[in-house]
Amino acid sequence: MFEIIFGIILAAFAIGGIWAFVVSKKVKEKGIETNAVVSRVELHEWSGGTGDTWAGNDITEDYYITYTNQEGQSVEALLTNPGDHTFKVGDRIRIKYLPDRQDYPVMLEIL
């Protein structure tokens, strides 16, 4: 039973990874290029264990950016590929986005 559950979880991660790769590639090839600004940073703390087995905490950061789309509207979205960069509010980057997936911007470079 454990093997089946593990296999399902592994398959879900694989499918998610493939989907993210395909969408990211499509955005880089066909997306609209524009400048964006880091608008907020959300910190998430993950506990490594409980009680006597405490293994430390890990902090991850989600970076939200704001950019202006082709229609002149302001869009805020989670940056999907920050890599191992650390950003702060106000940092400027160059991105690409798809008009039908404005919630999935891809970073091209740091300005």
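Residues numbered from 1 in each chain as written. Predicted model: local features only at pLDDT ≥ 70, side-chain atom pairs only at ≥ 80, totals over all residues. Heavy atoms only, no water.

### Comments concerning the pattern of salt bridges
Alright, step 1. Taken as a whole and judged by the stated rule, the model has 5 salt bridges.
Alright, step 2. With a shortest N-O distance of 3.2 Å, Asp 91 and Lys 88 are connected by a salt bridge.
Alright, step 3. Residue Asp 91 is classed as buried on the basis of its relative accessible area, which comes to 18%.
Alright, step 4. Take Lys 88: its relative accessible area is 56%, and that puts it in the exposed class.
Alright, step 5. Here the salt bridges share partners, and the residues they tie into one network are Arg 40, Glu 42 and Glu 76. (Salt bridge = Lys/Arg side-chain N within 4 Å of Asp/Glu carboxyl O. Buried < 20%, exposed > 50% of the residue type's maximum accessible area, 1.4 Å probe, protein only.)

### Concerning the pairing of strand 5 (residues 101-110)
Alright, step 1. Summarising the sheet, strand 4 (residues 92-98) and strand 5 pair through 5 bridges and their orientation is antiparallel. Paired with Leu 98 across the strands is Arg 101, a residue of strand 5.
Alright, step 2. Linkage of strand 4 to strand 5, two consecutive antiparallel strands, is achieved through a turn of 2 residues. (Pairing = 2+ DSSP bridges. Helix = DSSP H or I, 4+ residues; strand = E, 2+ residues; numbered from the N terminus.)

### Here's the deal with a nonpolar patch on the surface
Alright, step 1. Together, Met 1, Ile 4, Ile 5, Ile 8, Ile 9 and Phe 13 make up a nonpolar patch on the protein surface, roughly 690 Å² of accessible area in all.
Alright, step 2. Inspection of the secondary structure puts Ile 8 in helix 1 (residues 2-30). (Patch = residues over 30% accessible without salt bridge, like charges linked within 9 Å, V, L, I, M, F, W, Y side chains within 5 Å. Areas by Shrake-Rupley, 256 points an atom, 1.4 Å probe, with all protein chains shown as cover.)

### Focus on the nonpolar core
Alright, step 1. Listed in full, the 12 residues of the largest apolar core are Ala 36, Val 38, Tyr 63, Ile 65, Tyr 67, Val 75, Leu 79, Phe 87, Ile 93, Ile 95, Tyr 97 and Met 107.
Alright, step 2. Looking at this core, the elements that each hand over two or more residues are strand 1 (32-47), strand 2 (57-68) and strand 4.
Alright, step 3. Tyr 67 has contacts with Thr 34, Asn 35, Ala 36, Gln 73, Ser 74, Val 75, Ile 95, Tyr 97, Gln 102 and Pro 105, leaving out every residue within four places of it along the chain. (Core = buried A, V, L, I, M, F, W, Y, C linked by side-chain atoms within 4.5 Å. Contact = heavy atoms within 4.5 Å.)

### Some remarks on the packing of aromatic side chains
Alright, step 1. Summed over the entire model, instances satisfying the criterion amount to 2 aromatic pairs.
Alright, step 2. Ring centres 5.2 Å apart and planes at 85° place the aromatic pair Tyr 63 and Phe 87 in the edge-to-face group. With Tyr 63 in strand 2 and Phe 87 in the loop between strand 3 (74-78) and strand 4, the pair connects residues that are 24 residues apart, well separated along the chain.
Alright, step 3. Residue Phe 87 is classed as buried on the basis of its relative accessible area, which comes to 6%.
Alright, step 4. The interplanar angle of 40° and the centroid separation of 4.8 Å between the aromatic rings of Tyr 67 and Tyr 97 together place this pair among those described as tilted. Of this pair, Tyr 67 sits in strand 2 while Tyr 97 is found in strand 4, placing the two residues 30 residues apart along the sequence. No difference in accessibility class separates Tyr 67 from Tyr 97, as the two residues are buried. (Phe/Tyr/Trp six-rings, centres within 6.5 Å; stacked < 30°, edge-to-face > 60°.)

### Structural notes on the confidence of the model for the protein chain
Regions with low pLDDT carry predicted coordinates that are not meant to be interpreted in detail.
Alright, step 1. This prediction gives the protein chain a mean pLDDT of 83; 85% of its residues lie at or above 70.
Alright, step 2. Highest mean pLDDT in the protein chain belongs to strand 3 (95); lowest belongs to helix 1 (74). (pLDDT = per-residue confidence, 0-100.)

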